[in-house]
6 protein chains.
Amino acid sequence: MTRKGIKSVSLPYKIDIVSNTTKKIAVFPGSFDPITLGHVDIINRALPLFDTIIIAIGSNATKKHMWTLQDRKTAIEQLFKNNNAIKVATYDGLTATFCKSQGAQFILRGLRNSTDFEYEQTIAQANYKVNGIDSVFIISSPEYGFISSSIVRDIARNGGDYSKLVP
Amino acid sequence: MTRKGIKSVSLPYKIDIVSNTTKKIAVFPGSFDPITLGHVDIINRALPLFDTIIIAIGSNATKKHMWTLQDRKTAIEQLFKNNNAIKVATYDGLTATFCKSQGAQFILRGLRNSTDFEYEQTIAQANYKVNGIDSVFIISSPEYGFISSSIVRDIARNGGDYSKLVP
Amino acid sequence: MTRKGIKSVSLPYKIDIVSNTTKKIAVFPGSFDPITLGHVDIINRALPLFDTIIIAIGSNATKKHMWTLQDRKTAIEQLFKNNNAIKVATYDGLTATFCKSQGAQFILRGLRNSTDFEYEQTIAQANYKVNGIDSVFIISSPEYGFISSSIVRDIARNGGDYSKLVP
Amino acid sequence: MTRKGIKSVSLPYKIDIVSNTTKKIAVFPGSFDPITLGHVDIINRALPLFDTIIIAIGSNATKKHMWTLQDRKTAIEQLFKNNNAIKVATYDGLTATFCKSQGAQFILRGLRNSTDFEYEQTIAQANYKVNGIDSVFIISSPEYGFISSSIVRDIARNGGDYSKLVP
Amino acid sequence: MTRKGIKSVSLPYKIDIVSNTTKKIAVFPGSFDPITLGHVDIINRALPLFDTIIIAIGSNATKKHMWTLQDRKTAIEQLFKNNNAIKVATYDGLTATFCKSQGAQFILRGLRNSTDFEYEQTIAQANYKVNGIDSVFIISSPEYGFISSSIVRDIARNGGDYSKLVP
Amino acid sequence: MTRKGIKSVSLPYKIDIVSNTTKKIAVFPGSFDPITLGHVDIINRALPLFDTIIIAIGSNATKKHMWTLQDRKTAIEQLFKNNNAIKVATYDGLTATFCKSQGAQFILRGLRNSTDFEYEQTIAQANYKVNGIDSVFIISSPEYGFISSSIVRDIARNGGDYSKLVP
């Protein structure tokens, strides 16, 4: 790689050789209050990437939820009951700690817009620097990009019809 | 998932059952004029996800390059010569068409900031809607987030020292 | 529209023919706690677009306000009392439901920066997909782009002078 | 609007009284190289707002186009030939000057993401401050938000199938 | 500045002549709950700009903190005890009012990403327009850009190791 | 800084002791094609921070300009001729190299919106990592935030009146 007298670049970068026989496991963390078509889109599109995806419902005690932890868990289990590659779990504490306890190498997250991106960026970099767990991202399909659990809750709270937004 | 009289949500969402025995192949497309530490960071962190990563150098005839296609290809091959999971190729035309020709299911891309995100979002959604090729994203490590080939070229063009930015 | 042998594009897109004799009514929803020069800028600039603008004060019971609903309503009524095209109302529940009850076809919103844009984008798309109510946006005049009710409240709470920020 | 001894706010803001009997005319400017489903979405959704929408094709001589000005004009005329509220024109020079020559009070633009927003914000504010022409925005429908003329041209240039992106 | 018959630009702009013998004092405001390596990076890089930097810990009574005001103050004093150019103070009320009480001409803030930028922009413009206090910004070093007090608290709350994120 | 049994944080961070008797010199680089009210706003507001501000006009040979380098230099010199703290220079090559040749410790830049921010962030981080020159930012006053040299050129090219945008 030389050009017009510019100094040649030596390339002594050390590359890790990775064995790809280990199972690829991802944790897909969230509140899922409730699970939306946006979540389902990300999970389905990530399935070809992983051997197992663990949908991990954070049981954050300080956050108020609209649906109970048990209701949320049952709904998701029901939804994916025919897919062996998907497991459903609840957890508290740090997501990275939960990943390690499950042997998961990756956190899976969806990105809808740049507000999402900037939020996820700091979390992902902290998880990697502090805990050594890396994150993988999929961008929402356009037709689901405006859907969030918080919009569903807002509609539900006011008695509106949110059936087009959830599975 | 019922709550305070809000109508129960039926969950008849159809889930594809995916066989995970097929090889996972990703194309990592770019100009690589030149390859930077930012690129190498993304490739290394994506290695555990895929069986093969094809680094695909776009030979866009209408774009002016600082290093020749051959120089760029040789530099990358040299860099990853001890890693069987990585292949290097050149291509022209649409990235999605090249993916199909290689049996690759995914495009791999790095994200440095929200400007990157918004650009990649439209490309990724077009690739999926028009060509059925999905994209997977990894967020740059913080220390490489400011590095771009264009900054390297700018330093090189003015005779500066860019050795900390490239492998 | 043909070019260099690229296939010609047929154009059978169905276009709705709209009768424009119906009154154009917009709802401008917000907390208005308090109304600022930024709000007034948007309302004044939107007046040429609509026959009626309904300034709709959301009486969200779960949110704490600095000024009472009645004080906010009186202040706005006072401000626009000489303009027949502007009505002031309070509402609770979904904004889209309120729009339908008023025969309003549009929600009117101002945009100050891209944080605003990304927030409004998801709300507007949900309102359209779920409720069929469309949204129209005006970008704040530069000199009012930094003004928000929350900055006014912050100054008021600390005994500062916010008189340059409100009408 | 008084509260806890905070000084009362006087409200002597001057409000323009606007006669709404004048025709509402908007210019929808662009290169339309080519017109996409994204453009058509914005035009259709803006129709209820205006008496006339002038689709104005900028004939910027310094910009290279894929389709000729005449081809672009014919394609758009064909598309909207049954809708009297839509006119098609070409122009050069400043958009604001063209608006004035047509008696149009508004520029109409679509917004797809925050990159669009930031670009449009400076243009809109300049048009208003320098020329007194205001702009009205509609946010793209989610399913069209990734479509741009430049993506269509990229696919066309490489012989791909862009038929799902154009009318 | 004339060109091709375009009208010549007269330049009668009035420029303030500033005496630069006054001490340059900046206030670096925040909650510092806790102080992070990100804060320390900004302070150190701003030292060459100012004669004095006052680290000002806001004692916002309505906000819940993890560390007490006294603990936060002691930690910061300890950290910078050998640097005479740095002072540590607590304050309540408006930051601009505190600046004036200290004879400080500037507010100093760090910027990590565009979410930060958009938040700081409105605050800075309000401080200048309402109170005449200007703000100066430094962009975080890449390796600290993901660190925030809120991420540290989240790790601390869950018993994780945050020692790489704080001084 | 101890809390509820969470481990105490030792604070052995090394702080540089900086002598503040050296002259503070900033380079304000740009094309200034032409200088706008936005530039003048940033320069005036930065004057209290620095002993000298060098307005440095990049003479990038590959970029096409509307005004000649000499015209741009003369216009700026004329504008600031009564202010000893401001110098005007032209340069080519890297901005950081020019800063070193002038004994300048800082690059000064204005920020108008988050698009600006993301662009400046990568440049500033590269200048610091590669060349050891730090950057200081001021956010544009709201009323100048939409002004750019490129908008002025666009108006000038089309024979419009840009006198409100330049000094």
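Computed from a predicted model, the values in this text were never measured in an experiment. (Residues numbered from 1 in each chain as written. Chains lettered and ligands numbered in written order. Predicted model: local features only at pLDDT ≥ 70, side-chain atom pairs only at ≥ 80, totals over all residues. Heavy atoms only, no water.)

Participant: I'd like to hear about the overall build of chain A, residue by residue, with values.
Facilitator: Helix and strand content of chain A: five helices and five strands. When each of the 167 residues of chain A is scored for burial, the buried share is 59%. In chain A, the share of contacts with a sequence separation of at least 24, taken over all contacts with a separation of at least 6, comes to 77%. Of the roughly 6900 Å² of accessible surface on chain A, 49% is carried by carbon and sulfur atoms. (Helix = DSSP H or I, 4+ residues; strand = E, 2+ residues; numbered from the N terminus. Buried < 20%, exposed > 50% of the residue type's maximum accessible area, 1.4 Å probe, protein only. Contact = heavy atoms within 4.5 Å. Areas by Shrake-Rupley, 256 points an atom, 1.4 Å probe, with all protein chains shown as cover.)

Participant: Tell me about the packing of helix α4 (residues 114-131) of chain A against helix α4 (residues 114-131) of chain B, residues and numbers included.
Facilitator: A pair of packed helices can be characterised by two numbers: the angle between their axes and the separation between those axes. As a packed pair, α4 of chain A and α4 of chain B sit with axes 9 Å apart at the nearest point and diverge in direction by 130°. When the axis of α4 of chain A is compared with that of α4 of chain B, the two are oblique. The handedness of the crossing between α4 of chain A and α4 of chain B comes out as right-handed. Contact with α4 of chain A, carried on its side by Ser-114, Phe-117 and Glu-118 of chain A, involves Ser-114, Phe-117 and Glu-118 of chain B of α4 of chain B and no other residues of that element. Across the contact of α4 of chain A with α4 of chain B, the residue classes tally to two nonpolar, two polar and two charged. (Axes fitted to C-alpha atoms, helices over the stretch in contact; angles between N-to-C directions. Parallel < 35°, antiparallel > 145°, perpendicular 65-115°, else oblique. Left-handed = near helix turned anticlockwise from the far one by under 90°. Nonpolar A, V, L, I, M, F, W, Y, C, P; charged D, E, K, R; others polar.)

Participant: Please set out the relation of the copies chain A and chain D residue by residue, giving values where relevant.
Facilitator: Note on the copies: chain A fits chain D at an RMSD of 0.0 Å, the axial shift is 0.0 Å, and the rotation between them is 180°. On this basis, the relationship between the two copies can be described by a two-fold rotation axis. (Least-squares fit on C-alpha atoms with pLDDT ≥ 70 in both.)

Participant: Please give an account of the pairing of strand β1 (residues 25-30) of chain B that cites residues and values.
Facilitator: Residues and elements named next belong to chain B. Most of β1 is tucked away, with five of its six residues classed as buried. Here β1 pairs with strand β2 (residues 52-58) via six bridges, running parallel. Counterpart to Val-27 in the pairing with β2 is Ile-54. Assessed by its sense of winding, the connection that carries the chain from β1 through helix α1 (residues 37-46) to β2 is right-handed. As paired elements, β1 and strand β4 (residues 106-111) share two bridges and run parallel to each other. From the neighbouring strand, Ala-26 faces β4, where its bridge partner is Phe-106. (Pairing = 2+ DSSP bridges. Right-handed = clockwise from strand over helix to strand, strands pointing away.)

Participant: Please set out the interface of chain A and chain D residue by residue, giving values where relevant.
Facilitator: Listed as interface residues are four residues of chain A and, on the opposing side, four residues of chain D. The junction of chain A with chain D conceals about 260 Å² of combined surface from both sides, 68% of it contributed by carbon and sulfur atoms. Here chain A is connected to chain D by zero salt bridges. Between chain A and chain D we count one residue pair in polar contact (both at pLDDT 80 or more) in total. Across the side of chain A that touches chain D, the residue classes tally to two nonpolar, one polar and one charged. (Buried area = accessible area lost by both parts, 1.4 Å probe. Salt bridge = Lys/Arg side-chain N within 4 Å of Asp/Glu carboxyl O. Polar contact = N/O pair within 3.5 Å; in protein donor to acceptor, adjacent residues only side chain to side chain.)

Participant: How would you sum up the side chain of Arg-72 of chain C? Please name residues and give values.
Facilitator: Residue and element names in this part refer to chain C. Relative to the helices and strands, Arg-72 is located in helix α2 (residues 69-79). Among buried Asp, Glu, Lys and Arg side chains, Arg-72 stands out as unpaired, with Asp-33 the closest opposite charge at 4.1 Å. Residue contacts for Arg-72: discarding those within four places in its chain leaves Ser-31, Phe-32, Asp-33, Ile-57, Gly-58, His-65 and Trp-67. (Lys, Arg positive; Asp, Glu negative; His and termini not counted.)

Participant: Before we move on, could you go through the pattern of salt bridges and cite the residues and values that matter?
Facilitator: Using the criterion set out here, one finds 48 salt bridges over all chains in the structure. Here Asp-41 of chain B ties to Arg-45 of chain B by a salt bridge, and the two come within 3.3 Å at their closest N and O atoms. Of this pair, Asp-41 of chain B and Arg-45 of chain B are both found in helix α1, four residues apart, which corresponds to roughly one turn of the helix. For the pair shown, Asp-41 of chain B and Arg-45 of chain B are each scored as buried. Taking the shortest distance from any N to any O, the salt bridge between Arg-153 of chain C and Asp-33 of chain C comes out at 3.8 Å.

Participant: Can you explain helix α1 (residues 37-46) of chain E? Please cite residues and give values.
Facilitator: Residue and element names in this part refer to chain E. Burial runs high along α1: ten of the ten residues are buried. Residues Leu-37, Gly-38, His-39, Val-40, Asp-41, Ile-42, Ile-43, Asn-44, Arg-45 and Ala-46 constitute the buried set of α1. Among the residues of α1, the N-terminal cap falls to Thr-36, whose side-chain oxygen and the backbone nitrogen of Gly-38 are separated by 3.1 Å.

Participant: Mind laying out the pairing of strand β2 (residues 52-58) of chain D, listing which residues take part and the relevant values?
Facilitator: All names here are of chain D. Of all the seven residues making up β2, seven are buried; the element is thus mostly covered by neighbouring parts of the structure. Here β2 shows a buried face lined by Thr-52, Ile-54, Ala-56 and Gly-58 and a second buried face lined by Ile-53, Ile-55 and Ile-57. For β2 and strand β3 (residues 86-91), the ladder comprises six bridges, and the chain directions are parallel. Within β3, the residue paired with Ile-53 across the bridge is Ile-86.

Participant: Break down the side chain of Asn-131 of chain F for me, citing the residues and quoting the values.
Facilitator: Residues and elements named next belong to chain F. With respect to the element layout, Asn-131 can be found in helix α4 (residues 114-131). Look at Asn-131 and you get buried, because its relative accessible area is 18%. Ignoring sequence-local partners within four residues, the contact set of Asn-131 consists of Ala-96, Lys-100 and Ala-126.

Participant: Provide a residue-level description of the packing of aromatic side chains, including the pertinent values.
Facilitator: Here the structure, examined in full by the defined rule, presents 27 aromatic pairs over all chains. Relative to Phe-106 of chain D, the ring of Phe-50 of chain D lies with its centre 5.8 Å away and its plane at 55°, an arrangement referred to as tilted. You can see Phe-50 of chain D sitting in the loop between α1 (37-46) and β2 and its partner Phe-106 of chain D sitting in strand β4 (residues 106-111), a full 56 residues away along the chain. On the basis of relative accessible area, Phe-50 of chain D is assigned to the buried category, the value being 0%. When its relative accessible area of 3% is taken as the criterion, Phe-106 of chain D is described as buried. The side chain of Arg-45 of chain A reaches across the aromatic face of Tyr-128 of chain B, ending 4.9 Å from its centre. (Phe/Tyr/Trp six-rings, centres within 6.5 Å; stacked < 30°, edge-to-face > 60°. Lys NZ or Arg CZ within 6 Å of the ring centre and 35° of its normal.)

Participant: Describe unusual backbone geometry, and please don't skip the residues or the numbers.
Facilitator: In this model, Asp-33 of chain A is joined to Pro-34 of chain A through a cis peptide bond whose omega is 5°. Mapped onto the secondary structure, Pro-34 of chain A falls in the loop between β1 (25-30) and α1 (37-46). In the Ramachandran plot, Phe-32 of chain B falls in the positive-phi region, its phi being about 50° despite a non-glycine side chain. Taking relative accessible area as the criterion, Phe-32 of chain B reaches 2% and is therefore assigned buried.

Participant: Requested: an account of α4 of chain A, with residues and values cited.
Facilitator: Residue pairs three or four apart in sequence face the same way in an α-helix, which turns once every 3.6 residues. All names here are of chain A. Taking 1.5 Å of rise per residue, the 18 residues of α4 would be expected to cover 26 Å, and the 25 Å separating its terminal C-alpha atoms lies within 8% of that figure. In terms of burial, α4 is largely enclosed, as 13 of its 18 residues are buried. Measuring from the side-chain oxygen of the N-cap residue of α4 to the backbone nitrogen of Thr-115 gives 3.2 Å; that N-cap residue is Asn-113. Two residues or fewer past α4, Gly-132 is found with a positive phi of approximately 75°. (Expected span 1.5 Å × (residues − 1).)

Participant: Please set out the confidence of the model for chain A residue by residue, giving values where relevant.
Facilitator: Close reading of the predicted structure is inappropriate where its pLDDT is low. On average, residues of chain A carry a pLDDT of 89, and 87% of them reach 70 or more. Every residue in residues 1-19 of chain A is under pLDDT 50, and counting partners more than four places away or in other chains gives 42 contacts. (pLDDT = per-residue confidence, 0-100.)

Participant: Now, about the environment of Arg-45 of chain C: what can you tell me, with residues and values included?
Facilitator: Taking relative accessible area as the criterion, Arg-45 of chain C reaches 9% and is therefore assigned buried. Note: C-alpha distance between Arg-45 of chain C and Ile-138 of chain C (93 residues apart in sequence) is 8.0 Å. Excluding anything up to four places from it in sequence, Arg-45 of chain C contacts Ile-138, Ile-139, Ser-140 and Ser-141 of chain C together with Tyr-128 and Asp-134 of chain D.

Participant: So what about the environment of Ile-35 of chain C? Which residues, and what values?
Facilitator: All names here are of chain C. Examined against the element boundaries, Ile-35 turns out to sit in the loop between β1 (25-30) and α1 (37-46). Separated by 75 residues in the primary sequence, Ile-35 and Gly-110 have C-alpha atoms spaced 13 Å apart. When near neighbours in sequence (up to four residues on either side) are disregarded, Ile-35 contacts Val-40, Ile-43, Ile-76, Leu-79, Phe-80, Val-166 and Pro-167.

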